[in-house]
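Fold and geometry: a report
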Amino acid sequence: KLAAAQYNGHIFTSSDSGATWIERTNSPIAEWLWITSSADGTRLAALTSDLSGDGGYIYTSADSGATWVQRNTPLNVPQQWYSIDSSADGSKLVAVEGGGMIWISSDYGVTWSFTSAGSRYWQSVSCSSDCQKIMAATVNGYIYKSLDGGSTWIREDSAGSRAWQQVSISG
């Protein structure tokens, strides 16, 4: 299964390796920034920017994109989301906000808490299949990694301070 997010449009999904696509009109028309999927494609999570420019939201779907639910962090306000990733089963999510925190959810995005990584200009995040290993790049800074689901973080000094754009982690 495939999922794609249209900027200033809807979410699209494909169950035939991209031969045909379904426009998920139950998803809001939004400035979609990022989308992630569980391994089987049934659980989706996506980030949007608010059209007014005030920030964006996290949306989740438990039915391959047929329906969508807006999720809120404890701050309960739009945030400047940049990237999101999912565990293989979709139960765990990790999202980063620019100029803010790294947020995690262990219940399919229903509730969120921030990790101990601190407030930075996060650009990208990636997690392993169980989301125990997490890696994030800062804008004009260092890569940080967690090997315990976000409880503790290690700055990757050996990679240096650079203008990192994206990170990826396997397994």
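Structure report, in brief. (Residues numbered from 1 in each chain as written. Predicted model: local features only at pLDDT ≥ 70, side-chain atom pairs only at ≥ 80, totals over all residues. Heavy atoms only, no water.)

Topic: the pattern of salt bridges
Which entries qualify depends on this criterion: Here, a salt bridge means any Lys or Arg side-chain nitrogen found within 4 Å of an Asp or Glu carboxyl oxygen.
The full count for this structure, using the stated rule, is two salt bridges. Two residues, Asp157 and Arg155, come together in a salt bridge whose shortest N-O distance is 2.5 Å.

Comments concerning the nonpolar core
Let me state the cut-off plainly: We define a nonpolar core as any set of buried Ala, Val, Leu, Ile, Met, Phe, Trp, Tyr and Cys residues linked to one another through side-chain atoms lying within 4.5 Å. When a residue's accessible area, from a 1.4 Å probe over protein chains only, is under 20% of the maximum for its type it is buried; when over 50% it is exposed; and in between it is partly exposed. Secondary structure elements follow DSSP: runs of H or I of four or more residues count as helices, runs of E of two or more count as strands, with numbering from the N terminus. Two residues qualify as a contact provided that any one of their heavy atoms is within 4.5 Å of a heavy atom in the partner residue.
By size, the foremost hydrophobic cluster in this structure holds 12 residues: Val94, Val96, Ile102, Ala117, Trp122, Val125, Cys127, Cys131, Ile134, Ala136, Tyr144 and Trp153. Per-element accounting of this core gives the leading share, three residues, to strand 13 (residues 122–127). Among residues more than four places away in sequence, those in contact with Ile102 are Val94, Ala95, Val96, Ser113, Phe114, Thr115, Ala117, Trp122, Ala136 and Trp153. Trp81, Leu93, Ala95 and Trp103 belong to the second largest nonpolar core, which has 10 residues in total.

Some points on the state of the cysteines
For clarity, the threshold we go by: The definition used for a disulfide is geometric: two cysteine sulfur atoms within 2.5 Å.
One pass over the full model with this rule turns up one disulfide. Across a sulfur-sulfur distance of 2.1 Å, Cys127 and Cys131 are joined as a disulfide pair. Like Cys127, the residue Cys131 is buried in the burial classification.

Details of the side chain of Arg24
Take Arg24: it is sitting in strand 4 (residues 22–24). Not counting residues within four places of it along the chain, the set of residues in contact with Arg24 comprises His10, Ile11, Thr13, Ser64, Gly65, Ala66 and Trp68.

As for the sheet that holds strand 13
Here is the rule: The pairing criterion for strands is at least two bridges between them, as found by DSSP.
Pairing is antiparallel in the open sheet, where four strands are placed in the order 13-14-15-16. Strands at the two margins of the open sheet, each flanked by one partner only, are strand 13 and strand 16 (154–155). Here strand 15 (residues 143–146) runs beside strand 16; their pairing, made up of two bridges, is antiparallel. In the strand pairing of strand 16, Lys145 is matched with Ile154.

Considerations on the sheet that holds strand 2 (residues 7–9)
Selection criterion: Convention adopted: a line fitted to C-alpha atoms gives each axis, helices being fitted over their contacting stretch, and angles between N-to-C directions are expressed from 0 to 180 degrees.
With antiparallel pairing, the five strands of this open sheet are ordered in space as 2-5-6-7-8. The open sheet has two free edges, formed respectively by strand 2 and strand 8 (69–71), since each of these has just one partner strand. Along the sheet, successive strands turn relative to each other by an average axial angle of 45°, direction set aside. Note: strand 6 (residues 44–49) against strand 7 (residues 56–61), six bridges, orientation antiparallel. Within strand 7, the position partnered with Ala46 by the bridge is Tyr59.

A word on the packing of aromatic side chains
For clarity, the threshold we go by: In this scheme Phe, Tyr and Trp rings, the latter by its six-membered ring, pair at centre separations within 6.5 Å, and the angle between planes marks the pair as stacked below 30 degrees, edge-to-face above 60, and tilted otherwise. For a Lys NZ or an Arg CZ to count as sitting over a ring, it must be within 6 Å of the ring centre and within 35 degrees of the ring normal.
Using the criterion set out here, one finds four aromatic pairs in the structure. On the numbers, 6.1 Å between centres and 50° between planes, the contact of Trp32 with Trp68 is tilted. Placement of the pair is Trp32 in strand 5 (residues 30–37) and Trp68 in the loop between strand 7 and strand 8, with a sequence separation of 36 residues. Grouping residues by exposure puts Trp32 and Trp68 together as buried. When the centroid spacing of 5.5 Å and the interplanar angle of 85° are considered together, the rings of Trp103 and Phe114 count as edge-to-face. Of this pair, Trp103 sits in strand 11 (residues 102–105) while Phe114 is found in strand 12 (residues 113–114), placing the two residues 11 residues apart along the sequence. Three or more aromatic residues joined by ring pairs form one cluster here, namely Trp32, Tyr59 and Trp68. When the ring centre of Tyr108 is taken as origin, the NZ or CZ atom of Arg43, which lies over that ring, is 3.7 Å away. Sitting over the face of the ring of Tyr142, Arg155 holds its NZ or CZ atom 4.0 Å from the ring centroid.

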